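Each chain is listed here by its residues.
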Amino acid sequence: MFKNLLSTSFGAVAILAVVAIPAVAQEIDAQMQVCSACHGQNGVTTGPTIPIIWGQQSSYLFKQLHDYRSGDRANPIMAAMVKGIKQEDLRKVSAFFAAKTWPAKAAGAAAAPAEPPTVAQCKPCHQPNFEGGPPAPRLAGLGYEYLVSAMKGFAEDERTNNLDMPGFMKALSAAERDAIARYLAAL
Ligand code: HEC
Ligand code: HEC
């Protein structure tokens, strides 16, 4: 928003933006430094089973933070992390990360394999380019290991914070899910 305001106007709006918006962003920015230990200084995560949150869909991020807090999505690390965020700040935190740019693919990364036939059914929700749209998250470019573990979590009733995803994942074999993860990770 800050960038748009600046680029469209050098008048009063721009001055307002300079004064008001960064104050909120800076406050959240400082609070969110702790996240970069795992989710990365530049959006590239520090481990293969940690999801990219830079540029992820805002509504999805919000729901996950909410679900970690309530325990609907069980994860001890993230449950501890969200305890440090005030309930009223969850939307700001989600918007803050959603506004960042999804990290570019590493130079020399392998091209995506042919699209597995099983992914056509995912597009109505995750969108044809897999960049997501409310309420479905972006999947394109998430790490292979994270995708495998997220899909397995739904298939094995470990991740139960959505009604549809477990059914879709149970209908696929582990090998089919693996092929999907390879495809999506390379997009
Ligand atoms: C010690 C490492 C660590 C830190 C620090 C950390 N996270 Fe995470 N985060 C993870 C891991 C691991 C997962 C995946 C957990 C799972 O499978 O449910 C995750 C998942 C998430 C997700 C869900 C993303 C998705 O695609 O489903 C969000 C949102 C998130 N973290 C936000 C944050 C925020 C905001 C902070 C800072 C307040 C933070 N995390 C700090 C390790 C960390
Ligand atoms: C009816 C809509 C719908 C369809 C179809 C669908 N999904 Fe999803 N998917 C969602 C929603 C909504 C979420 C977020 C669930 C939550 O709240 O945690 C999700 C979450 C996911 C996640 C977790 C991402 C993360 O960051 O943790 C993966 C992986 C995923 N879907 C893969 C797939 C694949 C692969 C297919 C096709 C085989 C598929 N989905 C089909 C709606 C859908």
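Quick caveat: nothing in here was measured; it's all calculated off a predicted structure. Along every chain, residues carry numbers that run from 1 in the direction the sequence is written. Written order decides the labels, with chains lettered from A and ligands numbered from 1. Note on the predicted model: pLDDT of at least 70 is required for a residue's local features to be given, and 80 or more for side-chain atom pairs to be given and counted; whole-chain, interface and lining totals, by contrast, use all residues.

### Quick look at the overall build of the protein
Put simply, the rule reads: Secondary structure elements are taken from DSSP: a helix is a run of H or I of four residues or more, a strand is a run of E of two residues or more, and numbering for both begins at the N terminus. Partly exposed residues are those falling between the two cut-offs: more than 12 but fewer than 20 other C-beta atoms within 10 Å of their own, whereas 20 or more means buried and 12 or fewer means exposed, with C-beta atoms placed from the backbone. What counts as a contact is two residues whose backbone-derived C-beta atoms lie within 7 Å of each other.
Along the protein, the regular secondary structure elements total ten helices and zero strands. For the protein, the succession of helices and strands along the chain, N to C, is α-α-α-α-α-α-α-α-α-α. Burial analysis of the protein (187 residues in total) assigns 20% to the buried set. Of the contacts formed within the protein by residues at least 6 apart in sequence, a portion of 64% connects residues at least 24 apart.

### Some words on the site of ligand 2
Note the threshold: Near residues are defined by distance alone, with the backbone-placed C-beta atom required to lie within 6 Å of the molecule or strand. Amino acids outside the nonpolar list (Ala, Val, Leu, Ile, Met, Phe, Trp, Tyr, Cys, Pro) and the charged list (Asp, Glu, Lys, Arg) are all regarded as polar, and Gly is one of them.
Around ligand 2, a shell composed of 23 residues is seen, among which Cys122, Cys125, Ala136, Ala150 and Asn162 lie nearest. Listing elements by their share of the shell around ligand 2, those giving two or more residues are helix H7 (123-126), helix H8 (144-155) and helix H9 (165-170). A per-class count over the shell around ligand 2 returns 16 nonpolar, five polar and two charged.

### Quick look at the site of ligand 1
Taken together, the neighbourhood of ligand 1 is formed by 22 residues, with Cys35, Cys38, Pro51, Gln64 and Asn75 sitting nearest. Secondary-structure elements contributing two or more residues to the shell around ligand 1 are helix H3 (36-39), helix H4 (58-70) and helix H5 (76-83). Partitioned by chemical class, the residues of the shell around ligand 1 number 16 nonpolar, five polar and one charged.

### Observations regarding H8
Put simply, the rule is: Helix span, expected: 1.5 Å multiplied by one less than the number of residues in the helix. This arc corresponds to the set of directions leading from the helix axis out to the C-beta atoms.
Its twelve residues give H8 an end-to-end C-alpha distance of 16 Å, which sits within 8% of 16 Å, the value for a rise of 1.5 Å per residue. Listed as buried for H8 are Leu147, Ala150, Met151, Phe154 and Ala155. For H8, the angular spread of the buried residues around the axis is 135°, confining them to a single face. On its buried face, H8 is in contact with H9 and helix H10 (174-185).

### A few points about the nonpolar core
Side chains of a nonpolar character, in soluble globular proteins, are inclined to be buried together. For the record, the criterion: A set of buried Ala, Val, Leu, Ile, Met, Phe, Trp, Tyr and Cys residues, joined to one another through C-beta atoms within 7 Å, is what we call a nonpolar core.
Within the largest apolar cluster, 22 residues are counted, with the highest numbers of intra-cluster contacts made by Leu142, Leu147, Met151, Ala181 and Leu184. Among the secondary structure elements, those contributing two or more residues to this core are H4, helix H6 (90-98), H8 and H10. Excluding residues within four positions of it along the chain, leucine 184 makes contact with Phe130, Leu139, Ala140, Leu142 and Leu147.

### A few points about the packing of H4 against H6
Our working definition: Where helices are involved, their axes are fitted lines through C-alpha atoms of the stretch in contact, as for all axes, and angles between N-to-C directions lie from 0 to 180°. For classification purposes, angles smaller than 35 degrees are called roughly parallel, those larger than 145 roughly antiparallel, those between 65 and 115 roughly perpendicular, and all remaining angles oblique. Rotating anticlockwise by less than a right angle from the far helix to the near helix defines a left-handed crossing, while the corresponding clockwise rotation defines a right-handed one.
Running from N to C, H4 and H6 point in directions that differ by 135°, and their axes come no closer than 8 Å. As judged from the angle between their axes, H4 and H6 are oblique. Like other packed secondary-structure pairs, H4 and H6 cross with a definite hand, here right-handed. Contacts between H4 and H6 involve Ser58, Leu61, Phe62, Leu65 and His66 from the first element and Leu90, Arg91, Val93, Ser94, Ala95, Phe97 and Ala98 from the second. In terms of residue class, the contact of H4 with H6 is made up of eight nonpolar, three polar and one charged.

### Notes on the environment of tyrosine 183
Structurally, the position occupied by tyrosine 183 is in helix H10. Apart from residues lying up to four places away in sequence, tyrosine 183 is in contact with Ala112, Pro113, Glu115, Pro116 and Val119.

### Here we look at the environment of glycine 141
Tracing the backbone through its elements, the reader meets glycine 141 in the loop between H7 and H8. Judged by local crowding, glycine 141 falls into the partly exposed class, with 19 C-beta atoms found within 10 Å. Among all residues touching glycine 141, those that are not within four sequence positions of it are Ile52, Trp102, Lys105, Ala185 and Leu187.

Treat this as a map of the structure, not an account of what it does.
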